[in-house]
Amino acid sequence: MIRAKKTLGQNFLKNKDILKKIVEAGDIRKDEIILEIGPGKGALTEFILATGNKVIAIEKDIRLIPILKEKFSKEIESGQFSLFEGDALDIDYSKIELNSKKFSIIANLPYYITGKFLSNTLENKIQPKKIILMLQKEIVERITGEERKNGKKIFSEKENILSISIKVYGDAKFITTVSKKNFSPEPSIDSAILAIYNISKYFFEKNNINEKDFFDFIKLAFSSKRKKIIKNLSQKFEKKKLEKKKLENIFEKLNLDKNKRAEDLILEDFKKIYLNLKI
Ligand code: SAM
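Since this is a predicted model, take the numbers as computed values, not measurements. (Residues numbered from 1 in each chain as written. Predicted model: local features only at pLDDT ≥ 70, side-chain atom pairs only at ≥ 80, totals over all residues. Heavy atoms only, no water.)

Helix and strand counts for the chain stand at twelve helices and eleven strands. A compact globule built from 279 residues should have a C-alpha radius of gyration of about 19 Å, and the chain, at 21 Å, falls within 12% of that. Considered along the principal axes of its C-alpha atoms, the chain spans approximately 65 × 40 × 30 Å. Out of the 279 residues in the chain, the part that is buried amounts to 47%. Long-range pairs, those at least 24 residues apart, make up 68% of the contacts in the chain with a sequence separation of at least 6. As displayed, the chain has an accessible area near 15200 Å², and 49% of this comes from carbon and sulfur atoms. (Helix = DSSP H or I, 4+ residues; strand = E, 2+ residues; numbered from the N terminus. Rg over C-alpha atoms; globule rule 2.2 N^0.38 Å. Buried < 20%, exposed > 50% of the residue type's maximum accessible area, 1.4 Å probe, protein only. Contact = heavy atoms within 4.5 Å. Areas by Shrake-Rupley, 256 points an atom, 1.4 Å probe, with all protein chains shown as cover.)

Laid out in structure tokens, this is it:
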């Protein structure tokens, strides 16, 4: 018996209906390769392999590698399944036979590495077509702007750095809530499945925006949550101090309320302000 390691966020999924839902959310096409991060003991892997597609998995816990090798010996032998021991945060996509047009990611990852994993993956030159992830319910709600309480949906337009950093690359969708009871050992909070579809760098290419500059701008806009966005932006942008007056003129030109906080603006507003600052 292998004891679950808390440090590796090991909460294994035990409900087959949920495992099925994750794979269904992937809407996997025939020619796609699936990259699974953190296969654990292979519960989700089994369902992904059942699609008949090629699966590549990366697991950090060396103790789980022989279990996975034994469980999926046939699939490894046939070439349908490739297993690597390693860290999801160090993946070199060019080295694991992945090509951006044809691969998708499915993962039930430890929550503490999800933010870093998402930014590494979305900002990478080689991007997946879509990502299906299990996350804390609250985080999925904040990313998608969709709160679920007692089976009811409540929509909120409030943005944050994480929601913006995902929306610039793809369409985020709340798939379903997953109660903590579906895991072993049971975590302290409920989870939810997040899907990010149609991933691309189109937003940056179409608008001729540099990714790093744009994220620096977003971080500055959100630097002090309670302050108005103009106040945050007028501190400093690209090492130059921005004149409050210039910002106010831009807001006026764009018909935006000068008293708004960053969380009250949508991606399209950020894009317009950024492009006006660059002119
Ligand atoms: N996929 C399995 C399931 O659904 O039951 C296991 C999920 S468990 C929440 C997270 C898995 O990710 C564990 O197997 C853990 O060892 C693995 N893991 C943790 N950190 C990792 C990392 N940095 N890179 C790759 N795998 C990691």
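In this model helix 12 (residues 267-278) runs 17 Å from its N-terminal to its C-terminal C-alpha over twelve residues, within 8% of the 16 Å that 1.5 Å per residue would give. Listing the buried residues of helix 12 in full gives Leu267, Asp269, Phe270, Lys271, Ile273, Tyr274, Asn276 and Leu277. Each element contacted by the buried residues of helix 12 is listed here: helix 7 (161-167), helix 8 (202-207), helix 9 (211-221), helix 10 (229-233) and helix 11 (244-253). (Expected span 1.5 Å × (residues − 1).)

Its domain assignment divides the chain into domain 1 (6-200) and domain 2 (205-278). In this complex, domain 1 contributes eleven residues to the contact, which on the side of domain 2 involves twelve residues. The three residues of domain 1 that bury the most area against domain 2 are Glu159, Ile161 and Ile164, which together make up 46% of that side's buried surface. Viewed at the interface, domain 2 and domain 1 are joined by zero salt bridges. When residues of the side of domain 1 that touches domain 2 are assigned to their parent elements, the largest contribution, four residues, is made by helix 7. Grouping the amino acids of the side of domain 1 that touches domain 2 by side-chain chemistry returns four nonpolar, two polar and five charged. (Domains from an automatic or database assignment. Buried area = accessible area lost by both parts, 1.4 Å probe. Salt bridge = Lys/Arg side-chain N within 4 Å of Asp/Glu carboxyl O. Nonpolar A, V, L, I, M, F, W, Y, C, P; charged D, E, K, R; others polar.)

The next thing to look at is the environment of alanine 195. Tracing the backbone shows alanine 195 in strand 11 (residues 191-197). Excluding anything up to four places from it in sequence, alanine 195 contacts Ile131, Ile132, Asp171, Ala172, Lys173 and Ile175.

Moving on to unusual backbone geometry. In the segment running from serine 184 into proline 185, the intervening peptide bond is cis, with an omega of -10°. By the secondary structure assignment, proline 185 is in the loop between strand 10 (183-184) and strand 11. Positive phi outside glycine occurs at asparagine 208, with the angle close to 55°. Structurally, asparagine 208 can be placed in the loop between helix 8 and helix 9. By relative accessible area, which is 71% here, asparagine 208 ends up exposed. Residues other than glycine seldom take positive phi values, yet asparagine 255 does so here, at roughly 65°. Note on placement: asparagine 255 falls in the loop between helix 11 and helix 12.

Spatially, seven strands are ordered 4-3-2-5-6-11-9 in an open sheet, and the strand pairing comes out mixed. Here the strands that pair on one side only, and so sit at the sheet edges, are strand 4 (81-85) and strand 9 (171-178). Shown here is a sheet whose adjacent strand axes are inclined to one another by a mean of 20°, direction ignored. In this sheet, strand 6 (residues 131-136) lies alongside strand 5 (residues 103-107) in parallel orientation, the contact comprising three bridges. The residue of strand 6 that forms the bridge with isoleucine 105 is isoleucine 131. Set on the sheet, helix 1 (residues 16-25) makes contact with strand 5, strand 6, strand 9 and strand 11; between it and strand 6 the angle comes to about 135°. On the sheet, helix 6 (residues 137-144) packs against strand 6, strand 9 and strand 11 and is oriented at approximately 125° with respect to strand 6. (Pairing = 2+ DSSP bridges. Axes fitted to C-alpha atoms, helices over the stretch in contact; angles between N-to-C directions.)

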